[in-house]
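Summary of structural features
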Amino acid sequence: MERFFKLKEYGTTVSTEIMAGLTTFFAMSYILFVNPSILGAAGMPTKAVFLATIIASVISTMFMGLFANVPYALAPGMGLNAFFTYTVVFGLGFTWQEALAMVFLCGLFNIFITVTKVRKSIIKAIPISLQHAIGGGIGIFVAYLGFKNANIINFSASAGDIVSINGTAPASADLSNGVTSVAANGGVVPAISAFTDPAVLLAVIGLLLTAVLVIKNVRGAILIGIVATTLIGIPMGVVDLSAISFTNDMGSAFGELGTTFLAAFGGMKSLFSDSSRLPLVLMTIFAFSLSDTFDTLGTFIGTGRRTGIFSAEDEAALENSSGFSSKMDRALFADAIGTSIGALFGTSNTTTYVESAAGIAEGGRTGLTAVSTAVCFLLSILLLPLVGIVPAAATAPALIIVGVMMVSSFLDVDWSNFEDALPAFFAAFFMALCYSISYGIAAAFIFYCLVKIVKGQTKEIHPILWAATAMFILNFIILAII
């Protein structure tokens, strides 16, 4: 073990690495409950998603530890799972099988750009200010999603503001089968809840409790917050204990996993059957890849540089070499592999978690930390019977807190410079209020190009950025036509 992980070379021990692995697991284990909740909203079986989350996390984190020998853990990413459900499935109208197919293709694309010099061009194409703006915007989107899921925010519209009911004009709407959808214009007014609903009160309690735990730097604060909020919800009547089944859950879960396993290939057939959707499909895969790639790079560079996990030579090799000549190359490859593996089993993009910094802070320096975290994820399969009783009111506070953490990316945006502030603002604004990460990225790209055109600095716009912006605009035109 010493020779394989080079523990002495990195100034660490077996006990330190194992403790660091446990710390990382408790810092990110909230995803076990949040991911099934979010992907379940897209129509996916939640128990299957729970198992897929564990399988993807175990395989990719183990690969990270054994192949790259770095202390980073992977799991389906926050923000990316919300993009999967609320933008790709709900907003763009794809099935969850087709969304899985796009995630799988995103993983293959990320593998390609990792083993070739293409990644150098893509990394340099997106200005640093836009990278930070997109990261912060995703944080606002995730937090907004939490407030919405908890019903802390509600919306009202007068009759004159309603555009359609069940897809037709209000006056001619067929209500024989009830109301399935209502579309309204900008007259919709958001407001804070009256706090009369027990589920809303529980969400507020959970938010306050989780915030206190995070402020106190309690290990596993978000997971503890989810569990504690669920327990508090029992006497409040929000949690239904009758949903617990220790006898049939395991068998039914693996039965459900059969529904999601390799469903991406079925989605692939329908995904490319309609050529008119091809620009939208490519744009969506690009959006998946963009968020995944820069989340991972930010985590590696932000934590690895300070601790010596990645040297300056590693960062230079990322841009100037191909193959697996550095630890960062191997780590990025492990991250890309994780996305495709996760899609095969039935979950959204698997990415490197910034919560790995918790384990690094505990002294984790090698792949043994990652291996320890992977073992913890494997053992967490025993929590399966509890998944069904965790209410949205318990997971919503986790979304809000994670969103707050992600907004820190805005610190690296020069808000005093209008040229930087304009695309950054629209990235966040469109992500949250248009309920779409891809629209936020599109707005950021479009306004960035606008600034450079007006300033006469078009030479500073990378061809890849030009192409991506053109694809976004083309998508808006297609949506307007159809």
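Scroll up to find the structure.
Residues numbered from 1 in each chain as written. Predicted model: local features only at pLDDT ≥ 70, side-chain atom pairs only at ≥ 80, totals over all residues. Heavy atoms only, no water.

**Comments concerning the pattern of salt bridges**
Inspection of the entire model under this criterion finds three salt bridges. A salt bridge links E419 to K455, with the nearest nitrogen and oxygen atoms 3.0 Å apart. One end of the pair, E419, is in helix α20 (residues 418-433); the other, K455, is in the loop between α21 (437-454) and α22 (463-481), and 36 residues separate them in sequence. For the salt bridge of E460 with K452, the shortest nitrogen-to-oxygen distance reads 2.8 Å. (Salt bridge = Lys/Arg side-chain N within 4 Å of Asp/Glu carboxyl O. Helix = DSSP H or I, 4+ residues; strand = E, 2+ residues; numbered from the N terminus.)

**Notes on the nonpolar core**
Counting residues in hydrophobic clusters, the biggest one holds 89 residues, and the most contacted among them are M78, F84, I226, F288 and F445. Among the elements that take part in this core, helix α6 (residues 96-115) stands out by supplying nine residues, more than any other. Setting aside anything within four residues of it in sequence, one finds F84 in contact with L39, A42, M44, V89, W96, A99, L100, V103, F288 and S348. (Core = buried A, V, L, I, M, F, W, Y, C linked by side-chain atoms within 4.5 Å. Buried < 20%, exposed > 50% of the residue type's maximum accessible area, 1.4 Å probe, protein only. Contact = heavy atoms within 4.5 Å.)

**Focus: helix α9 (residues 198-215)**
Look at α9: 26 Å from first C-alpha to last across 18 residues, which is about the 26 Å you get at 1.5 Å a residue. The set of residues buried in α9 consists of V200, L202, A203, G206, L207, T210 and L213. Taken end-on, α9 shows its buried residues confined to a sector of 150 degrees, consistent with a single buried face. Projecting away from the buried face of α9 at angles above 90 degrees are the exposed residues L208 and I215. Sitting at the head of α9, D197 places a side-chain oxygen 3.0 Å from the backbone nitrogen of A199. N217 sits one or two residues past α9 and shows a positive phi near 60 degrees. (Expected span 1.5 Å × (residues − 1). Arc of directions from axis to C-beta. Polar contact = N/O pair within 3.5 Å; in protein donor to acceptor, adjacent residues only side chain to side chain.)

**So, the packing of aromatic side chains**
Within this structure, the stated rule accounts for 16 aromatic pairs. When the ring of F426 is compared with that of F429, the centres are 6.4 Å apart and the planes differ by 65 degrees; the resulting orientation is edge-to-face. In this pair, F426 and F429 are both assigned in helix α20, three residues apart and thus about one turn of the helix distant. A residue is classified by how much of its surface remains accessible, and F426, at 19% relative accessible area, is buried. Residue classification places F429 among the partly exposed residues on the basis of a relative accessible area of 35%. One aromatic cluster in this structure is built from F425, F426, F429, F430 and F447. (Phe/Tyr/Trp six-rings, centres within 6.5 Å; stacked < 30°, edge-to-face > 60°.)

**Remarks on unusual backbone geometry**
Backbone geometry at K6 places phi at a positive 55 degrees, although glycine is not the residue there. Mapped onto the elements, K6 comes out in the loop between α1 (2-5) and α2 (14-28). Taking the relative accessible area as the measure of exposure, K6 reaches 41% and is therefore partly exposed. Despite not being glycine, N69 shows a phi value in the positive range, around 55 degrees. As for its placement among the helices and strands, N69 is situated in the loop between α4 (46-68) and β1 (74-76). With relative accessibility at 10%, the residue N69 sits in the buried group.

**Examining the environment of T114**
Following the sequence through the fold, T114 ends up in helix α6. Accessibility expressed as a relative area gives 5% for T114, which makes it buried. Distance from T114 to A336, taken between C-alpha atoms, is 7.9 Å for residues 222 residues apart in sequence.

**Things to note about the packing of helix α8 (residues 128-149) against helix α19 (residues 392-406)**
Relative to each other, α8 and α19 sit at 160 degrees, their axes nearing to 7 Å. The angle between α8 and α19 falls in the class roughly antiparallel. Considering how the two elements wind past one another, α8 and α19 form a crossing that is left-handed. Only A392, A396, L399, I400, G403 and M406 of α19 make contact with α8, whose side of the interface consists of G135, G136, I138, G139, V142, A143, L145, G146, F147 and N149. For the contact of α8 with α19, a count of residues per class yields ten nonpolar, six polar and no charged. (Axes fitted to C-alpha atoms, helices over the stretch in contact; angles between N-to-C directions. Parallel < 35°, antiparallel > 145°, perpendicular 65-115°, else oblique. Left-handed = near helix turned anticlockwise from the far one by under 90°. Nonpolar A, V, L, I, M, F, W, Y, C, P; charged D, E, K, R; others polar.)

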